[in-house]
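# Understanding the architecture of this molecule
Listed below, chain by chain, are the residues.
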Amino acid sequence: MALVNLNQILNKKTVKHKTINRLIVVLVILLIFVGIPLIFILWEAKDIISHGRGIVASYKQQNFDNLKKEVSSTKWELQKTNIALGFLFWVKAIPILGGYYSDVKGFAGAGVEELEAMDKLLSSLQPSKAELGFDGYPKSGPDRITQAVKILDKSLPNIDKIEGNLKKAAELVKNIDTNKYPQKFKGKDIRDNLETAKNFIMGAQVAVKEGKEALTIAPQALGLTSPRTYLLLFQNDKEIRPTGGFMTAYATITLSSGQVNATTSDDIYRLDEKLLNVCLTKICPLTPPSPIVKYLPEVTGKVRSAWSMRDSNISPDVPTSAREFERMYQLLGQGLPFDGIIFIDTQVVEELIEVTGPIDVYGTKYSQEIDKRCNCPNVIYELESYAEIAAKGEKDRKAILGVLMQQILARSVGSDVEKLPQLIETVATLANHKHVMFFMHDTNTQKALANLNWTGEIKNTDTDYLHINDSNFAGGKSNIYVEQTVTQEINTQKDGVKKKITIEYKNPQAFNTWLNGINRDYVRFYVPKGSKLIFSKGSEVEVTTIEDLGKTVFEAFVQVRPTNLRKLEIEYTIPYQLEGEYKLLIQKQPGAKDFKYKIKLNGSQKADFNLDTDKEFKFDI
């Protein structure tokens, strides 16, 4: 009996000993595969942050040699972190956690590639560091811009050498979903910073691949060799018109080595007043086009008999409308004292102020704070208030656009170096989403910007095509509130395609005397040439068919009232011969919101998205 008890005790001790041994083995394995890599990663993270700050400090102090050293050191520390992350490869198999691990690994790898590209460029610039102004003394915002333009000019011959690095970096982050991250953590922005980092990495690759021509012409366009003067036209997208909005104001800006000076600024009515005075003494070819005659009466209710500069952007093709504006401008007898036109809308001002912070102009504060008077950002209310004053022709109105834009630009270029990626990403996104449009007189410059889709042309295509163009004719600023949902129901047939398009308009906001009135919307559907209308519903006039810009166009008119909704439907056939697949190009209207779109093909839903820029689709049939 004693022997049995002894054996039991010995067996228990053996089991316990084996359990301890197994636990030790597990702990050792965890230490090797988790503890050591994590300790190493945390250790390296401190060095990465330290050297990252060193990069910023070196640039601020204009110390080129130290800048190059800190870039190399940051790259080396990030490479070691990336290796340490590799030991945690097994985490990738864990649900949810694996996704976050992949994101960290992606950003780390992309960072190594971006820093390698920067290291290569700095090595190529080393012989020119004195010429580029790296003199050991901090520079003001405008001087930093001048230096940046010179650096770009000197870097162009070496762009091909870094294209591979930027491509790898973009591949590593392209599938990262930043929306799964919290907006803030312990008071710090998380999601926005990750989104900015991702867009900056992706944008760098696009810039050297698709925007190489634009980079090549940039130094000249920014006035490096000689000053360039541009006309800045402010389009009020809250009163939407074909190219982005009702033309409210203008400013003349001069770029010299990247530095900006606004020379003149006024509201668009001043130009029209000058044009009217000219036309009182000579015959002016200003017969208004039929849509303006039909849908845009004078304030008195009379039919318009003349065409104003403020309404010159009737064509949805930006270059066509820009040429029309310039034709009218030349009637003033001043020729064209500028090298091109830059169209911007309220979204540009709103998003740049988000980067710069509130700005004061003539005692009025422009900020991103929600203004209760309109249930919209304060900057929007103040801009719309100014537009209303300008429309009434009050003599003491101040020309704010030039001053406001100059202050925004001055604040932007003078901001901390750390904000530079956010600023670049914001400007590029605004252009990509058609809130900034360019019409340049220099053919090469215009072509380069067109390749980036920053010039607003209605494109030619041999596939199916759709562009919906809205014009708010005397409907106040109601586009602040009006939303649209566009559904395309597509049915393929032996001899072509039959389509039904439904637009649901909704204005949830209450009536406001000058902000939110009845939205009088002249709607045009640009579709493939030769399309035939077979049915329409919801238009307050008979839907007509015309041809424009190489497209068939269906014209309609709807009125959307505050706290109300409307639906507009059209059905038509397209002479589009299918060859195993269906292709579609949808072009966004400049200045428009990112409206909801749905695509159904032969009864099956294929896409559900927000139209933030032009989009191409290809579906098997």
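Structure shown above.
As the structure is a prediction and not an experimental result, all values here were calculated from the model.

Attention shifts here to the sheet that holds strand β4 (residues 246-256). Ordered in space as β5-β4-β3-β6-β11, the 5 strands form an open sheet in which the pairing is mixed. Across the chains shown, the open sheet's two edge strands, defined by having one partner strand only, are β5 (259-267) and β11 (436-440). Within this sheet the neighbouring strands show an average axis-to-axis angle of 25°, counted without direction. Of the strand pairs in this sheet, β4 and β5 are connected by 8 bridges, and their pairing is antiparallel. Bridge pairing in β5 links T252 to T264.

Applying the stated criterion across every chain, the model contains 15 aromatic pairs. Taking 5.2 Å as the distance between ring centres and 80° as the angle between the ring planes, the aromatic pair formed by Y100 and Y181 counts as edge-to-face. Linking Y100 in helix α3 (residues 97-125) with Y181 in the loop between α5 (159-173) and β1 (184-185), this pair joins segments that are 81 residues apart in sequence. Feature note: the residues Y295, F473, Y522 and F557 constitute an aromatic cluster, connected by ring pairs. Stacked on the ring of Y465, the Lys or Arg K551 has its end atom at 3.8 Å from the ring centre.

On to empty space enclosed by the protein, then. Counted by the stated rule, this structure contains 4 cavities of 30 Å³ or more. Taken as a whole, the largest cavity spans an internal volume of roughly 90 Å³. Lining the largest cavity are I468, D470, Q484, V486, Q587, K588, Q589, A592, K593, F595, Y597 and L611. Elements with a minimum of two residues in the lining of the largest cavity: β12 (464-472) and β13 (483-493). Residues belonging to the lining of the largest cavity are distributed by class as follows: 6 nonpolar, 3 polar and 3 charged.

Moving on: helix α8 (residues 268-279). Each full turn of the α-helix corresponds to 3.6 residues, which orients residues three or four apart in the same direction. Given a rise of 1.5 Å per residue, 12 residues ought to cover 16 Å, and the 17 Å separating the end C-alpha atoms of α8 matches this to within 8%. Elements that come into contact with the buried residues of α8 comprise β3 (228-236), β4, β5, α10 (318-330) and α12 (378-392). Sitting at the head of α8, D267 places a side-chain oxygen 3.0 Å from the backbone nitrogen of Y269.

Turning our eyes to something else, we now look at the sheet that holds strand β22 (residues 604-610). The strand order β16-β19-β14-β13-β21-β22 describes an open sheet built from 6 strands, whose pairing is mixed. With partners counted over all chains shown, the strands left at the sheet margins are β16 (532-537) and β22, one partner each. The average angle at which neighbouring strand axes cross in this sheet is 15°, direction not considered. Summarising the sheet, β16 and strand β19 (residues 564-574) pair through 5 bridges and their orientation is antiparallel. Opposite L533, over in β19, you have Y572 as the bridge partner.

The grouping of F89, W90, I94 and L97 at the surface amounts to a nonpolar patch, some 370 Å² of accessible area in total. In this structure, F89 sits in the loop between α2 (64-86) and α3. A relative accessible area of 52% means that F89 is categorised as exposed.

Let us now look at the side chain of N158. Along the chain, N158 falls in the loop between α4 (141-155) and α5. At a separation of 3.3 Å, a polar atom in the side chain of N158 contacts the side chain of S124. Aside from chain neighbours lying at most four places away, what touches N158 is L121 and S124.

Before going further, it helps to spend a moment on the layout of surface pockets. A volume near 680 Å³ is recorded for the second largest pocket. Looking at the second largest pocket, it is lined by 21 residues, and the ones nearest its centre are E239, V299, R304, A391 and A474. Across the lining of the second largest pocket, the residue classes tally to 8 nonpolar, 4 polar and 9 charged.

What counts and what doesn't
Residues numbered from 1 in each chain as written. Predicted model: local features only at pLDDT ≥ 70, side-chain atom pairs only at ≥ 80, totals over all residues. Heavy atoms only, no water. Pairing = 2+ DSSP bridges. Helix = DSSP H or I, 4+ residues; strand = E, 2+ residues; numbered from the N terminus. Axes fitted to C-alpha atoms, helices over the stretch in contact; angles between N-to-C directions. Phe/Tyr/Trp six-rings, centres within 6.5 Å; stacked < 30°, edge-to-face > 60°. Lys NZ or Arg CZ within 6 Å of the ring centre and 35° of its normal. 1 Å grid on protein atoms, 1.4 Å probe; cavity = no way out; pocket = protein on both sides within 12 Å on 5 of 7 lines; lining within 4 Å. Points joined across faces, edges and corners; volume = space filled by probe spheres on them. Nonpolar A, V, L, I, M, F, W, Y, C, P; charged D, E, K, R; others polar. Expected span 1.5 Å × (residues − 1). Contact = heavy atoms within 4.5 Å. Polar contact = N/O pair within 3.5 Å; in protein donor to acceptor, adjacent residues only side chain to side chain. Patch = residues over 30% accessible without salt bridge, like charges linked within 9 Å, V, L, I, M, F, W, Y side chains within 5 Å. Areas by Shrake-Rupley, 256 points an atom, 1.4 Å probe, with all protein chains shown as cover. Salt bridge = Lys/Arg side-chain N within 4 Å of Asp/Glu carboxyl O. Buried < 20%, exposed > 50% of the residue type's maximum accessible area, 1.4 Å probe, protein only.

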